[in-house]
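Topology and contacts: notes
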Amino acid sequence: MCDSLPPQEHDSTFKFLFEDPKDILFLVRDVIGYSWAKDIEEDSIELADKEFVDEYFLQRRADVIAEAKLKDREVYFYIIIENQSTVAKDMPERLLKYMILLWARKIREGVEKLPAIIPIVTYNGLEKDWDVPQEIISEFDIFKDDIFKYALVNISKLDAKALLQEEEDILSPVVFYLEQVRDDTEELVKRLKEIEPKLEKFNKNNLERFLIWAKNVIRPRLAKEDKEKYDELAQRVKQGGVRKMGEFVSNVARLLDESQMRKFNEGVLQGIQQGKIEGKIEGKIEVAKKLIQRGFSDEDIAELTELDIGKIKELRKQMTN
């Protein structure tokens, strides 16, 4: 069962993820693997002002801008993170505009040397691969190989399960792992149950941020009558902390299962009715195949589709082989 959210909603869902310095460090050091990232002073990472006013006095806003410093170096550098759920053909130009506006701001502040700016795009699209060139420009001191070539973190291509083993209390790998299957409710439920022990070790900040992600990605997939139940479960976690996370995961998984089954049954009934209207055996056979995949018995399928039970057994044998 596949469900999709509007691109804007996914983009905004990801913006909060890199508001934590630990997640930013994890991204550049463990996910992308920049050679210089191991020398970043974690305590030096700070979120910077992401608002710009361009030459036409129009306001522009980047998703995330952070400043950081390498060990044994006094010079700060900047990281720009742009989050995308759809392929943006203008991404190189957009990143360059942000970089120029940031440099212009530093010039107005009177800096003697322009800071390096590392552009990154996190892409969590599942339906289409990212096909936009990553080269922007080249030549910039020790960062020349990275500064005008943004790193692409294609969430669907990551070995997210391996990343889960890297750190205990970081939100990014958990979100990456779940984002990969956000359009597959059945697999989403499996992974949600799988990462429950990791969720139970989260600190308060990561717990609250995980609930923000879940509200934007999981809650919209629930039936209208189940959303109030979800809100009650989320509120219990906010009040009770990680000790309530097991209850949250098991109940949300149940709500997702019920919602998926409800939609599936509605689709089956519509298929059956359509088959009756059109009188086509092909339609009934397609419905029967779906029911076999869902574990229905031959007798129940025959009753629902009005196909001969021998035909059902034949279909089941074909699908097994």
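All of the points below concern the structure found in this document. In this text, all values refer to a predicted model and were calculated from it rather than measured experimentally.

1. Observations concerning the overall build of the chain
Scanning the chain from N- to C-terminus turns up 13 helices and 7 strands. Looking at the chain as a whole, 47% of its 321 residues qualify as buried. Of the contacts formed within the chain by residues at least 6 apart in sequence, a portion of 64% connects residues at least 24 apart. Total accessible area on the chain stands at roughly 16,900 Å², and carbon and sulfur atoms take up 47% of it.

2. A look at the packing of aromatic side chains
Counted under the stated rule, the structure contains 5 aromatic pairs. Both rings, one in Tyr230 and one in Phe248, keep their centres 5.7 Å apart while their planes meet at 65°; by these two values the pair is edge-to-face. Residue Tyr230 is found in helix H9 (residues 224–240), and its partner Phe248 is found in helix H10 (residues 245–278); the two are separated by 18 residues along the sequence. Here Tyr230 matches Phe248 in class, with each residue buried. Three or more aromatic residues joined by ring pairs form one cluster here, namely Tyr34, Trp36 and Phe77.

3. Comments concerning the environment of Lys128
With respect to the helices and strands, Lys128 occurs in the loop between strand S6 (117–123) and strand S7 (151–154). Considered as a pair, Lys128 and Ser85 are 43 residues apart in the sequence and their alpha carbons are 9.7 Å apart. If sequence neighbours within four positions are ignored, Lys128 has contacts with Val87 and Tyr123.

4. Considerations on the pairing of strand S4 (residues 64–69)
Across the 6 residues that make up S4, a large majority, 6, are buried. Neither face of S4 is left uncovered, since the one carrying Val64, Ala66 and Ala68 and the one carrying Ile65, Glu67 and Lys69 both have all their residues buried. Alignment of strand S1 (residues 46–47) against S4, held across 2 bridges, turns out to be antiparallel. Within the sheet, the bridge partner assigned to Leu47 lies in S4 and is Ala66. As judged from the 6 bridges shared by S4 and strand S5 (residues 76–84), these two strands associate in the antiparallel manner. Bridge pairing in S5 links Ile65 to Ile80. Count of turn residues in the S4/S5 antiparallel hairpin: 6 residues, of which Asp72 carries a positive phi of about 65°.

What counts, and where the lines are drawn
- Residues numbered from 1 in each chain as written.
- Predicted model: local features only at pLDDT ≥ 70, side-chain atom pairs only at ≥ 80, totals over all residues.
- Heavy atoms only, no water.
- Helix = DSSP H or I, 4+ residues; strand = E, 2+ residues; numbered from the N terminus.
- Buried < 20%, exposed > 50% of the residue type's maximum accessible area, 1.4 Å probe, protein only.
- Contact = heavy atoms within 4.5 Å.
- Areas by Shrake-Rupley, 256 points an atom, 1.4 Å probe, with all protein chains shown as cover.
- Phe/Tyr/Trp six-rings, centres within 6.5 Å; stacked < 30°, edge-to-face > 60°.
- Pairing = 2+ DSSP bridges.

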